[in-house]
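# Secondary and tertiary structure notes
In case you want the letters, here they are:
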Amino acid sequence: MKHTNRGWFERAQKHIPGGVNSPVRAYKAVGGTPPFIARGSGSHIWDIEGREYVDYVGSWGPLILGHAHPRVVEAVALAARSGTSFGAPTIAEVELAELICEIVPSVEVVRLVNSGTEACMSAIRLARGATGQDRIIKFAGCYHGHANSFLIEAGSGAATFGEPSSPGVTHGTARDTLNARYNDLASLDRLLEANKGEVAAIIVEPVAGNMGCVPPTEGFLEGLRERCDRHGALLIFDEVMTGFRVALRGAQERYRVRPDITTLGKIIGGGLPMAAYGGRADLMKLMSPSGPIYQAGTLSGNPVAVAAGLATLRILKEDAAHIYGELENRGAYLEAGTRRLLSDLGLRLQPQRVGAMHCLYFTDEPVTDWDTAAKADHKRFTAYFHAMLDEGIYLAPSQFEAGFLSIAHTKEDLDRTLDAMAGSLRLAYEIGE
Ligand code: PMP
């Protein structure tokens, strides 16, 4: 077997479903062979064939400090040398809980878990246990992990029950998940009206990053808060992606809306498997062992992951004004360059961005929800994606994923990206020099 991306991808298929441990990595949406990554440093990664890329995936969000940040690596090594897991209380997990609660004021009490999926799954169990109601409302195009309750597609009518979008999800589960349209309070009101007194929670990505990058329209998040209060439902912000990303305190700081429960992930683990859910003390007190709602984990609060998370959050907090200011500047620089290019080429695509989260939609109208996102031109995006990869720019292999900047991305990285973008857009749209 040749030591190539293709060789290893073929070998991987034999014992791993589709050759990958998470579906989007297989490049099915864009075709071709995913690079096998050998190492990363700062804003760059290298594949096993020795090719270097500027990385805009950042492990799908966690790496806001870039790959292998020295302070994070040191903290991980130090923790590992003292033992990798005890399943017993440690000081570092208390320090991390205190730091999270200090940074995110709506989170008064927090429980550490191992993935964003687990955090969101636990958050709705808490909401159901606290309210005594079964139904939850989510928004089409938002992703909250792969727990059964979230793998439900929107029904066509406002009051229609959801259909499972994956085999293995029962109709019983689907019945309790209702889908509204993102940025559309009227669609939410119809669901609330048809399910009066039965809704435990509304869960939302306060900036939708799993259909690209869709900011909340003015009044949308405030509208959710008001409706939750009126209907006795709990408001869950899924800040697995936006937490410590769109501002130090997440989207709840940026848009000044306070949820009852928040889920966190990605950045909180500094690149190791960790996530959390937290919120009002009176609600979190209901969790076992202080309350009756059960949730547990062998590796929860794992010392190595906690060390990576603590190091990451401490760096972000110490230097927040500079870091988030710089992320905003670099995001704005890339966006302005993209807009200039699009105008030079006479293309009407949609660059959308919130801070260091961005997406270039291959469609000519602004994207505000799943329906408008789904209009993106898949063929052109695929051509663009492969041209960028050939130029050494590593983007997410789908139109419906956000791109991420880190503090390690330099002006040289951004200029190289814009150069590659010029050629790649020409190629995708068959525009001559
Ligand atoms: N919620 C959001 C907003 C996410 O972006 C993700 C993952 N992309 C999840 C939940 C699930 O997290 P995980 O993949 O860690 O289970």
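Presented here is a report on the structure given in the accompanying data block. All of these numbers come straight from a predicted model, not from anything done at the bench.

Neighbouring the ligand are the residues Ser115, Gly116, Thr117, Tyr143, His144, Gly145, Glu205, Asn210, Asp238, Val240, Met241 and Lys266. Within the side chain of asparagine 210, an N or O atom sits 2.9 Å from an oxygen atom of the ligand. Contact with the protein chains covers 80% of the free accessible surface of the ligand, which is 390 Å². Split by residue class, the shell around the ligand holds 3 nonpolar, 6 polar and 3 charged.

A probe matching the size of a water molecule, rolled over the atoms, marks out where space remains unfilled. By volume, the second largest pocket is sized at about 510 Å³. Mapped onto the lining of the second largest pocket, the elements with two or more residues apiece are helix H3 (91-103) and strand E4 (109-113). Per-element tally for the lining of the second largest pocket: the top contributor is E4, with 4 residues. Counted by class, the lining of the second largest pocket contains 13 nonpolar, 11 polar and 3 charged residues.

Attention now goes to the packing of aromatic side chains. One pass over the structure, following the stated rule, counts 11 aromatic pairs. Ring centres of phenylalanine 362 and phenylalanine 381 lie 5.8 Å apart, and the angle between their planes is 80°; this geometry places the pair in the edge-to-face category. You can see phenylalanine 362 sitting in the loop between strand E14 (357-361) and helix H12 (370-373) and its partner phenylalanine 381 sitting in helix H13 (residues 378-390), a full 19 residues away along the chain. Look at phenylalanine 362 and you get buried, because its relative accessible area is 2%. With centroids separated by 5.1 Å and ring planes inclined at 50°, the aromatic side chains of phenylalanine 362 and tyrosine 384 adopt a geometry described as tilted. One end of the pair, phenylalanine 362, is in the loop between E14 and H12; the other, tyrosine 384, is in helix H13, with 22 residues separating them in the sequence. Ring pairs connect the aromatic residues Tyr27, Phe362, Phe381, Tyr384, Phe385 and Tyr429, which therefore count as one cluster. Sitting over the face of the ring of tryptophan 46, arginine 39 holds its NZ or CZ atom 4.0 Å from the ring centroid.

Turning to the environment of threonine 263, a few remarks are in order. As for its position among the elements, threonine 263 is in strand E11 (residues 261-264). According to the relative accessible area criterion, threonine 263 is buried, its value standing at 0%. With 13 residues separating them along the chain, threonine 263 and alanine 276 place their C-alpha atoms 5.8 Å apart. Once you skip the residues sitting within four places of it in the chain, threonine 263 turns out to touch Ala119, Cys120, Ala123, Ile236, Phe237, Asp238, Glu239, Val240, Ala276 and Tyr277. Within polar-contact distance, the side chain of threonine 263 engages the side chain of aspartate 238 at 3.1 Å.

Once that is clear, we can look at unusual backbone geometry. Residue proline 289 is reached from serine 288 by a cis peptide bond, and omega for that bond is 10°. Inspection of the secondary structure assignment puts proline 289 in the loop between helix H9 (281-284) and helix H10 (303-318). Positioned with a positive phi, tryptophan 60 is a non-glycine residue whose angle comes to about 70°. Within the element layout of this structure, tryptophan 60 appears in the loop between strand E3 (52-55) and helix H2 (70-81).

Looking now at the environment of alanine 75. Position of alanine 75 among the secondary structure elements: in helix H2. When the C-alpha positions of alanine 75 and threonine 131 are compared, they lie 40 Å apart, and in sequence the two are 56 residues distant. Residues within four places of alanine 75 in sequence aside, it is in contact with Ala307 and Ala311.

Turning next to the nonpolar core. Counting residues in hydrophobic clusters, the biggest one holds 67 residues, and the most contacted among them are Ile100, Phe244, Leu313, Leu316, Tyr324, Tyr384 and Leu425. With 9 residues, the single largest contributor to this core is H10. Each of two domains, domain 1 (5-68 + 319-429) and domain 2 (70-318), supplies a minimum of three residues to this core. Beyond its immediate chain neighbours, meaning those up to four positions away, phenylalanine 244 contacts Ile64, Ile103, Val104, Gly250, Leu264, Ile267, Ile268, Leu313, Leu316 and Tyr324. Leu178, Cys228, Leu235 and Val257 belong to the second largest nonpolar core, which has 36 residues in total.

As a further point, take the sheet that holds strand E13 (residues 350-354). Strands sit in the order E13-E14-E16 across an open sheet of 3 strands; the sheet is antiparallel. The open sheet has two edge strands with one neighbour each: E13 and strand E16 (403-404). Strands in contact with helix H11 (residues 320-345) are E13 and E14; relative to E13, the strand with the most contacts, it is inclined by about 170°.

Further remarks concern empty space enclosed by the protein. Counted by the stated rule, this structure contains 2 cavities of 30 Å³ or more. The calculated volume of the largest cavity comes to roughly 340 Å³. Secondary structure elements with two or more residues in the lining of the largest cavity: H11, E13, E14, H13 and helix H14 (411-428). Take the lining of the largest cavity: its biggest share by element is 4 residues, from H11. Of the residues in the lining of the largest cavity, the class split is 13 nonpolar, 8 polar and 3 charged. Estimated volume of the second largest cavity: approximately 60 Å³. Lining of the second largest cavity is provided by 13 residues; of these, Asp55, Gly58, Leu63, Ser406 and His409 occupy positions nearest its centre. Considering only residue class, the lining of the second largest cavity consists of 3 nonpolar, 8 polar and 2 charged.

Rules used throughout
Residues numbered from 1 in each chain as written. Predicted model: local features only at pLDDT ≥ 70, side-chain atom pairs only at ≥ 80, totals over all residues. Heavy atoms only, no water. Near = heavy atom within 4 Å. Polar contact = N/O pair within 3.5 Å; in protein donor to acceptor, adjacent residues only side chain to side chain. Areas by Shrake-Rupley, 256 points an atom, 1.4 Å probe, with all protein chains shown as cover. Nonpolar A, V, L, I, M, F, W, Y, C, P; charged D, E, K, R; others polar. 1 Å grid on protein atoms, 1.4 Å probe; cavity = no way out; pocket = protein on both sides within 12 Å on 5 of 7 lines; lining within 4 Å. Points joined across faces, edges and corners; volume = space filled by probe spheres on them. Helix = DSSP H or I, 4+ residues; strand = E, 2+ residues; numbered from the N terminus. Phe/Tyr/Trp six-rings, centres within 6.5 Å; stacked < 30°, edge-to-face > 60°. Buried < 20%, exposed > 50% of the residue type's maximum accessible area, 1.4 Å probe, protein only. Lys NZ or Arg CZ within 6 Å of the ring centre and 35° of its normal. Contact = heavy atoms within 4.5 Å. Core = buried A, V, L, I, M, F, W, Y, C linked by side-chain atoms within 4.5 Å. Domains from an automatic or database assignment. Pairing = 2+ DSSP bridges. Axes fitted to C-alpha atoms, helices over the stretch in contact; angles between N-to-C directions.

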